[in-house]
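Residue strings, one per chain:
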Amino acid sequence: MKSKEQKPLVDRLMKPVLIVCVCIIVVCVSVITIVSKKDAAQKEAVENEERRAIATAMVALDQYAPDVDYDSDFTTADDWLVSFNADGTVTVWAPEVYGKISVMLTGSDGEYAPYWIGVNGEELLNLPQ
């Protein structure tokens, strides 16, 4: 009987090592994709909350400070700054081209109510919380 030639150890291990490497790469790509989708969803949720706060601030300005001149075009809302404070309040600042306009809101989940409005150092609304 002829004996089969033994393949070198490197040749015998090459295929299983390649399979393991491919599996690791597939798992890594899957994790990266899942994390990216989750980050995008979180970013969209924050942007939606900011837009709701800005819209509420614009309505509050129209209602409590109708003489304040600002561009109410919602497409320019990207220039507004929104701060979600640790005490549960939200502060919205208009772009400085309109002056120093700030609106403080209470509430959460897109349901906001104004309690303070300041324009160029003048307090136009101050409701107790």
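Everything below is about the structure shown above.
Rules behind the numbers
- Residues numbered from 1 in each chain as written.
- Predicted model: local features only at pLDDT ≥ 70, side-chain atom pairs only at ≥ 80, totals over all residues.
- Heavy atoms only, no water.
- 1 Å grid on protein atoms, 1.4 Å probe; cavity = no way out; pocket = protein on both sides within 12 Å on 5 of 7 lines; lining within 4 Å.
- Points joined across faces, edges and corners; volume = space filled by probe spheres on them.
- Helix = DSSP H or I, 4+ residues; strand = E, 2+ residues; numbered from the N terminus.
- Nonpolar A, V, L, I, M, F, W, Y, C, P; charged D, E, K, R; others polar.
- Contact = heavy atoms within 4.5 Å.
- Polar contact = N/O pair within 3.5 Å; in protein donor to acceptor, adjacent residues only side chain to side chain.
- Disulfide = S-S within 2.5 Å.
- Pairing = 2+ DSSP bridges.
- Axes fitted to C-alpha atoms, helices over the stretch in contact; angles between N-to-C directions.
- Expected span 1.5 Å × (residues − 1).
- Bend = angle between axes of the 7 residues up to and from the residue.
- Buried < 20%, exposed > 50% of the residue type's maximum accessible area, 1.4 Å probe, protein only.
- Core = buried A, V, L, I, M, F, W, Y, C linked by side-chain atoms within 4.5 Å.

Undergrad: Can you lay out the layout of surface pockets for me, pointing to particular residues and giving the numbers?
TA: The computed volume of the largest pocket comes to approximately 170 Å³. If you trace the largest pocket, you find 11 residues lining it, with Glu-47, Glu-50, Arg-51, Ile-54 and Asp-78 closest to the centre. Elements supplying a minimum of two residues to the lining of the largest pocket: α1 (9–64) and β1 (81–84). When residues in the lining of the largest pocket are grouped by element, the largest group, six residues, is from α1. Partitioned by chemical class, the residues of the lining of the largest pocket number five nonpolar, one polar and five charged.

Undergrad: Account for the environment of Tyr-112, with residues named and values stated.
TA: Note that Tyr-112 resides in strand β4 (residues 111–119). Residue contacts for Tyr-112: discarding those within four places in its chain leaves Glu-49, Arg-52, Ala-53, Thr-56, Phe-84, Val-90, Leu-105, Thr-106 and Gly-107. Among the polar contacts made by the side chain of Tyr-112, one reaches the side chain of Glu-49 at a distance of 2.5 Å.

Undergrad: So what's going on with the state of the cysteines? Which residues, and what values?
TA: A complete count under the given rule lists zero disulfides for this structure. No disulfide involves Cys-21; its sulfur sits 9.3 Å from that of Cys-23, the nearest cysteine.

Undergrad: Pulling in residues and values, what's your account of the sheet that holds strand β5 (residues 122–126)?
TA: The sheet built from five strands is open, its strands ordered β1-β2-β3-β4-β5 with antiparallel pairing. Edge strands, defined here as strands with exactly one partner in the open sheet, are β1 and β5. On average, each strand axis in the sheet is tilted by 20° relative to the strand beside it, whichever way the strands run. By the bridge criterion, four bridges tie β1 to strand β2 (residues 90–93) in an arrangement that is antiparallel. In the strand pairing of β2, Phe-84 is matched with Val-90. Contacts from α1 reach β1, β2, β3 (101–108), β4 and β5 within the one sheet, and its direction differs from that of β4 by about 55°.

Undergrad: Talk me through α1; I want residue IDs and the actual numbers.
TA: Compared with the 82 Å implied by 1.5 Å per residue over 56 residues, the 82 Å span of α1 between its first and last C-alpha is a close match. Taking the largest bend as the criterion, α1 deviates by roughly 30°, centred on Lys-15, and proline Pro-16 comes between one and four positions later. Turning to α1, its buried residues number three or more, namely Glu-49, Ala-53, Ile-54, Thr-56, Ala-57, Met-58, Ala-60 and Leu-61. Buried-residue contacts for α1 involve β1, β2, β3 and β4.

Undergrad: If you had to explain the nonpolar core to someone new, which residues and values would you point to?
TA: Of all hydrophobic cores here, the largest spans 21 residues; its most connected members are Leu-61, Trp-80 and Val-92. Every element with two or more residues in this core is listed here: α1, β2, β3 and β4. Counting residues per element, this core draws most heavily on α1, which supplies six residues. Those residues in contact with Trp-80 that sit more than four places away from it in its chain are Ile-54, Ala-57, Met-58, Leu-61, Tyr-70, Val-92, Trp-93, Ala-94 and Pro-95.

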